[in-house]
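Structural features, examined
Residues per chain, in single letters:
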Amino acid sequence: MANWIVLLVSFACINLSLSVRELEYSTPQSCKDLKQRFNINQDGLYYLSSPTGVVYQTYCDMTTAGGGWTLVASVHENNLYGKCTTGDRWSSQQGGSPNVPDGDGSWSNTVTFGNAEAATSDDFKNPGYYDITAENVAVWHVPNNERVGRWKLTSFLRYHTESKFLRSYGGNLYNLFKQFPVKYNAGSCPANHGPSVPVVYDVGDASFNHKLFGPHVRGETEPGFITFRAINHEKAAMAICLGVKPKGCNTEHSCIGGGGHFPEASPRQCGDFASFDWDGYGTNAGWSASKQVTEAAVLIFYR
Ligand code: 3S6
Ligand code: CA
Ligand code: CA
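Residues numbered from 1 in each chain as written. Chains lettered and ligands numbered in written order. Predicted model: local features only at pLDDT ≥ 70, side-chain atom pairs only at ≥ 80, totals over all residues. Heavy atoms only, no water.

**Examining the coordination of the calcium ion (ligand 2)**
Taken together, the protein ligands of the calcium ion (ligand 2) are H76 (O), G87 (O), D123 (OD), D123 (OD) and D272 (OD), with distances of 2.2 to 2.5 Å. For the calcium ion (ligand 2), all donor residues lie on one chain, and their spacing in sequence is H-x10-G-x35-D-x148-D. With H76 in the loop between β3 (69–75) and β4 (124–125) and D123 in the loop between β3 and β4, this pair connects stretches of sequence that are 47 residues apart. Accessibility expressed as a relative area gives 2% for D123, which makes it buried. (Donors = N, O, S within 2.8 Å, 3.2 Å for Na, K, Ca; no water. Helix = DSSP H or I, 4+ residues; strand = E, 2+ residues; numbered from the N terminus. Buried < 20%, exposed > 50% of the residue type's maximum accessible area, 1.4 Å probe, protein only.)

Here it is as structure tokens:
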């Protein structure tokens, strides 16, 4: 009897280890992999695996410009009046003091949060952000709280790079931001901005993109680019400028994410959407962004 139990238990163990191995070998590691190796061509939520075997669910855009785009992150502004408070995971949830110059550090650490299903209702970051080796980035602006099945339909601005620029920066944004830290006092404007990369529009165009920001912002930015790690007049750092290349140094009105300290009128410019409300919430006047862009999540894809 005891022998039978030992035999049964060992069979069970062999089967278990086999199935775990099979899962590691067969689970796709990106939406591009899923499209190429598994012939999946439908947009939607899928399971991916990181190289170390972490399984996670995310959204795949399988159709835009050839498809194979993996959603790796979303930046969501839950409360523009909260200045580096709860929910500001892509800047700082710790108040905005110069003693925490890189804030929560999300752009360059492996902490993950949120889930794909809620990527327009809260911040989202999955292991793909730091473990996928990619060439290009795509950005979608999707109104807050939209359900997954409506993201593509309701997105009002979408653009992507085509130059394979990530090859020069370690294959993903995690590595790019190691090179260009999103940290207060890491450099000055304009000498130390990170790369500005030309984009192609899938929804909207450069002129529409520009009008999402106030007239003062339009006067000191050029649309048709995505910029990484911008620095402002006061040496605050921001992660991504939304479809624009800065010409001046008030980058806090069109760039998102950031370090933990924004000196000008501190903490008024500190938060995931930095100073989109400088001349009032959603007014689109002076330095303020429009309500449309203020109340939309920024979805970040790799391919
Ligand atoms: C075109 C108006 C310039 O206003 C300045 O910009 C003002 O003096 C500052 O308080 C303000 C901010 O730096 C905008 O980022
Ligand atoms: Ca947030
Ligand atoms: Ca300023």
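Now, onward.
**Considering the site of ligand 1**
Near ligand 1 you find H216, N250, E252, H253, E264, W278 and W287, and these make up its full shell. Between ligand 1 and N250 there is a distance of 3.0 Å, counted from an oxygen atom to a side-chain nitrogen or oxygen. Burial of ligand 1 by the surrounding chains reaches 53%, relative to a free accessible area of 400 Å². Residues that form the shell around ligand 1 fall into these classes: 2 nonpolar, 3 polar and 2 charged. (Near = heavy atom within 4 Å. Polar contact = N/O pair within 3.5 Å; in protein donor to acceptor, adjacent residues only side chain to side chain. Areas by Shrake-Rupley, 256 points an atom, 1.4 Å probe, with all protein chains shown as cover. Nonpolar A, V, L, I, M, F, W, Y, C, P; charged D, E, K, R; others polar.)

**Here we look at the coordination of the calcium ion (ligand 3)**
Protein coordination at the calcium ion (ligand 3): the donors are N250 (OD1), E252 (OE) and E264 (OE), at 2.1 to 2.4 Å from the metal. Taken in sequence order, the residues that donate to the calcium ion (ligand 3) follow the motif N-x1-E-x11-E. The burial state of N250 is the same as that of E252; both residues are buried.

**Section: unusual backbone geometry**
The residue after C189, namely P190, is reached through a cis peptide bond having omega 0°. Position of P190 relative to the elements: it lies in the loop between α5 (173–179) and β7 (196–198). Of the consecutive residues S266 and P267, the connecting peptide bond is found in the cis state with omega at 5°. Tracing the sequence through the fold places P267 in the loop between β13 (255–256) and α8 (291–294). The backbone of K164 sits at a positive phi, close to 60°, despite the residue not being glycine. Examined against the element boundaries, K164 turns out to sit in the loop between β6 (157–160) and α5. Classification of K164 as partly exposed rests on a relative accessible area of 36%. One non-glycine residue with positive phi stands out, namely A274, at about 35°. Tracing the chain through its elements places A274 in the loop between β13 and α8. A residue is classified by how much of its surface remains accessible, and A274, at 1% relative accessible area, is buried.

**Structural notes on the nonpolar core**
Counting residues in each nonpolar core, the largest one holds 67 residues, and the members touching the most others are W107, Y129, L173, F177, I240 and I300. Top element by residues in this core is strand β11 (residues 237–241). It accounts for 5 residues. Excluding residues that lie within four positions of it along the chain, I300 makes contacts with T70, L71, V72, A73, V75, W107, V137, A138, L173 and I240. W69, A116, V142 and F301 belong to the second-largest nonpolar core, a separate cluster that totals 14 residues. (Core = buried A, V, L, I, M, F, W, Y, C linked by side-chain atoms within 4.5 Å. Contact = heavy atoms within 4.5 Å.)

**Quick notes on helix α2 (residues 31–38)**
For α2, the set of buried residues is C31, D33 and L34. For α2, the buried positions fall inside an angular range of 155° around the axis, keeping them on one side. Those residues of α2 that are buried lie in contact with β1 (44–49), β2 (55–61) and β3. A positive phi of about 55° marks N39, the residue just after α2. (Arc of directions from axis to C-beta.)

**Section: the sheet that holds β13**
One open sheet accounts for 4 strands, arranged β7-β10-β11-β13; its pairing is antiparallel. Single-partner strands in this sheet number two, and they are β7 and β13. Strand direction decides the pairing type here: β11 and β13, joined by 2 bridges, are antiparallel. Counted as the bridge partner of I240 is I256 from β13. (Pairing = 2+ DSSP bridges.)

**Some details on the packing of aromatic side chains**
Tallying each qualifying case throughout the model produces 20 aromatic pairs. Between W107 and F177, the aromatic rings sit 5.3 Å apart at their centres with planes inclined by 65°, giving edge-to-face as the arrangement. With W107 in the loop between β3 and β4 and F177 in helix α5, this pair connects stretches of sequence that are 70 residues apart. In this pair, the class of W107 matches that of F177, namely buried. Taken together, W90, W107, F113, Y129, F165, Y169, F177, F180, F228 and Y302 form an aromatic cluster joined through their ring pairs. Cation over ring: K245 sits above F225, and NZ or CZ is 4.2 Å from the ring centre. The lysine or arginine in question, R268, covers the ring of W278, its NZ or CZ lying 4.1 Å from the ring centre. (Phe/Tyr/Trp six-rings, centres within 6.5 Å; stacked < 30°, edge-to-face > 60°. Lys NZ or Arg CZ within 6 Å of the ring centre and 35° of its normal.)

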